[in-house]
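So the chains spell out like this:
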Amino acid sequence: MHALDILFFMRPMLLLPVWTVYLLFYDFCFPDQIISLSVAGDLASLSLIAAGAYVINQIFDIETDRINRKLGFFDPPVSLTLRQGWVIYALLNLGALLYAAILRTGLFLPLSVMLAAGVLYSAPPIRAKDRPISGLLFNGLSYSLFIFWSIAAGADRESIISGSLLDVNLPLVSSMFLAISAVYLMTTLTDAPGDRKTGKRTIGAVRGDRLSSSLAALMVAGSLALAYQVEFWPLSITAALSLPLFLAAAFGGGVRITLLSAKFPILMLTALAAYQRPGYAVFCIALILLTRFYFKRRLGISYPRLI
């Protein structure tokens, strides 16, 4: 099996928001601290759980992706088998949980909860991703509260319960929850036509463009207010620059504005995280170049792209 097929089956580009949010939260809570080996291990284990969630999502969406004409890794030219997909999924989760059980016992519970959330999100009978409220909550919590929880669980307990840090935890996490939820809302609009055909009841598919994009704009405004309150500048800047896009989408800006609204906030947050940590910038550029090369040579498509 092609090694790059396995790597990109795990959707590393979709792991960028996980890494970005983790680094931004970590730098906010522990400024001027280096990323130690233990923290890097924590982030790696979190990445394995997140990659497993993307794998199981693809496993249960094989037929839907074919109906929507999405190029999947279970179809030519890659043609992974279901058995291979399940083996990769099991190894990802097993690796993360063994790391926590042996080296970082405090992480075992949050990683287990994240694993369960990934199953509930994609697998029947729940399939939260196909429901309006649960889909929104699972996405928002996964990229805010769950990531912060993994940082808290891996950090020194005394630093987590100290007064100054405890005071900002709720608005900090809430600001990211609102920002991620707004982005998720816009992605449901881009996928709405195909979702309606396949019976998915996401917010975008059920409520339509105007209501969904208006709610997303309100969430961005709320995220801006909370991030500014706690001086979480990367998100404050991102929300301030993103809000005009979301407002334009809410007032009928068209498909391109909707696509840009769904991608720009994550791109901006990643750029700001990379600015704070130049090594992350090098990593992101290398990943993007490798991804462009792989998808063009192996699958004949240009990915990633902004719109």
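Comments concerning the overall build of the protein chain
Okay, step 1: If you tally the helices and strands in the protein chain, you get 15 helices and 0 strands.
Okay, step 2: Relative to its length of 307 residues, the protein chain is compact, with a C-alpha radius of gyration of 19 Å against a globular reference of 19 Å.
Okay, step 3: Based on the C-alpha atoms only, the size of the protein chain along its principal axes is roughly 50 × 50 × 40 Å.
Okay, step 4: Counting over 307 residues, the protein chain shows a buried share of 51%.
Okay, step 5: For the protein chain, the exposed area adds up to about 14,700 Å²; of that, 68% sits on carbon and sulfur atoms.
Okay, step 6: Charge centroids of the protein chain, computed over 24 positive and 16 negative side chains, lie 12 Å from each other.

Some details on helix H6 (residues 108-122)
Okay, step 1: Over its 15 residues, H6 extends 22 Å from the first C-alpha to the last, a length consistent with the 21 Å expected when each residue adds 1.5 Å.
Okay, step 2: When we look at burial in H6, the residues that qualify are Pro110, Leu111, Met114, Ala117, Gly118, Tyr121 and Ser122. The buried residues of H6 occupy an angular sector of 115° when the element is viewed end-on, so they sit on one face.

Concerning the pattern of salt bridges
Okay, step 1: Within the structure shown, the criterion is met by 7 salt bridges.
Okay, step 2: In this structure, Arg127 engages Asp130 in a salt bridge whose closest nitrogen and oxygen atoms are separated by 2.9 Å. As far as the burial class goes, Arg127 and Asp130 line up, both buried.

Looking at the confidence of the model for the protein chain
Okay, step 1: Here the protein chain averages 90 in pLDDT, and 93% of its residues register 70 or above.
Okay, step 2: Confidence over residues 157-164 falls short of pLDDT 50; this stretch has 7 contacts with residues more than four positions distant or in other chains.

Details of empty space enclosed by the protein
Okay, step 1: Summed over all chains, the structure comprises 3 cavities of 30 Å³ or more.
Okay, step 2: The computed volume of the largest cavity comes to approximately 60 Å³.
Okay, step 3: If you trace the largest cavity, you find it lined by Ala179, Val220, Ser223, Leu235, Thr238, Ala239, Ser242, Phe246, Pro265 and Leu269.
Okay, step 4: For the lining of the largest cavity, the secondary-structure elements that each account for two or more residues are helix H12 (203-229), helix H13 (233-250) and helix H14 (255-276).
Okay, step 5: Per element, the largest residue contribution to the lining of the largest cavity is 5 residues, and it comes from H13.
Okay, step 6: For the lining of the largest cavity, the class distribution of residues is 7 nonpolar, 3 polar and no charged.

Here we look at unusual backbone geometry
Most peptide bonds take the trans form, and the phi angle of most residues other than glycine is negative.
Okay, step 1: The omega torsion of the bond from Pro76 to Pro77 falls at 5°, within 30 degrees of zero and hence cis.
Okay, step 2: Of note, Pro77 is situated in the loop between helix H4 (62-67) and helix H5 (82-103).
Okay, step 3: The step from Tyr303 to Pro304 runs through a cis peptide bond, and the omega angle for that step is 0°.
Okay, step 4: Residue position: Pro304 is located in the segment after helix H15 (278-299).
Okay, step 5: Located in the positive-phi region is Asp32, a residue other than glycine, with phi close to 65°.
Okay, step 6: Turning to its location among the elements, Asp32 is positioned in the loop between helix H2 (12-29) and helix H3 (37-60).

A look at the packing of aromatic side chains
Okay, step 1: Applying the stated criterion across every chain yields a total of 17 aromatic pairs.
Okay, step 2: An aromatic cluster is built from Phe8, Phe9, Phe73, Phe74, Tyr294, Phe295 and Tyr303, whose rings are joined through pairwise contacts.

Structural notes on the environment of Thr20
Okay, step 1: Take Thr20: it is sitting in helix H2.
Okay, step 2: Taking the C-alpha atoms as reference points, Thr20 and Tyr280, separated by 260 residues in sequence, lie 9.0 Å from one another.
Okay, step 3: Discounting residues that sit within four places of it in the chain, Thr20 has contacts with Leu269, Thr270, Ala273 and Tyr280.

Comments concerning the environment of Leu178
Okay, step 1: In this structure, Leu178 sits in helix H10 (residues 163-190).
Okay, step 2: The sequence separation of Leu178 and Lys263 amounts to 85 residues, and the corresponding C-alpha distance is 15 Å.
Okay, step 3: Residues within four places of Leu178 in sequence aside, it is in contact with Met219, Gly222, Ser223 and Leu226.

Remarks on the nonpolar core
Okay, step 1: Ranked by size, the top nonpolar core spans 68 residues in total, and within it Phe25, Leu111 and Phe232 carry the most contacts.
Okay, step 2: Each residue touching Phe25, except ones within four places of it in the same chain, is listed here: Ser144, Ile147, Phe148, Ile151, Leu172, Val173, Met176 and Phe232.
Okay, step 3: Of all hydrophobic cores here, the second largest spans 20 residues; its members include Leu185, Ile203, Ala217 and Ala262.

Some thoughts on the layout of surface pockets
Okay, step 1: Of the pockets and cavities examined, the second largest pocket occupies roughly 230 Å³.
Okay, step 2: The wall of the second largest pocket is formed by Trp19, Leu23, Ile35, Ala40, Leu43, Ala44, Ser47, Arg277, Tyr280 and Phe283.
Okay, step 3: The set of elements that each furnish at least two residues to the lining of the second largest pocket consists of H2, H3 and H15.
Okay, step 4: Looking at the lining of the second largest pocket, the element that brings in the most residues is H3, giving 4 residues.
Okay, step 5: Residues belonging to the lining of the second largest pocket are distributed by class as follows: 8 nonpolar, 1 polar and 1 charged.

Rules and cut-offs
Residues numbered from 1 in each chain as written. Predicted model: local features only at pLDDT ≥ 70, side-chain atom pairs only at ≥ 80, totals over all residues. Heavy atoms only, no water. Helix = DSSP H or I, 4+ residues; strand = E, 2+ residues; numbered from the N terminus. Rg over C-alpha atoms; globule rule 2.2 N^0.38 Å. Buried < 20%, exposed > 50% of the residue type's maximum accessible area, 1.4 Å probe, protein only. Areas by Shrake-Rupley, 256 points an atom, 1.4 Å probe, with all protein chains shown as cover. Lys, Arg positive; Asp, Glu negative; His and termini not counted. Charge placed at Lys NZ, Arg CZ, Asp CG, Glu CD. Expected span 1.5 Å × (residues − 1). Arc of directions from axis to C-beta. Salt bridge = Lys/Arg side-chain N within 4 Å of Asp/Glu carboxyl O. pLDDT = per-residue confidence, 0-100. Contact = heavy atoms within 4.5 Å. 1 Å grid on protein atoms, 1.4 Å probe; cavity = no way out; pocket = protein on both sides within 12 Å on 5 of 7 lines; lining within 4 Å. Points joined across faces, edges and corners; volume = space filled by probe spheres on them. Nonpolar A, V, L, I, M, F, W, Y, C, P; charged D, E, K, R; others polar. Phe/Tyr/Trp six-rings, centres within 6.5 Å; stacked < 30°, edge-to-face > 60°. Core = buried A, V, L, I, M, F, W, Y, C linked by side-chain atoms within 4.5 Å.

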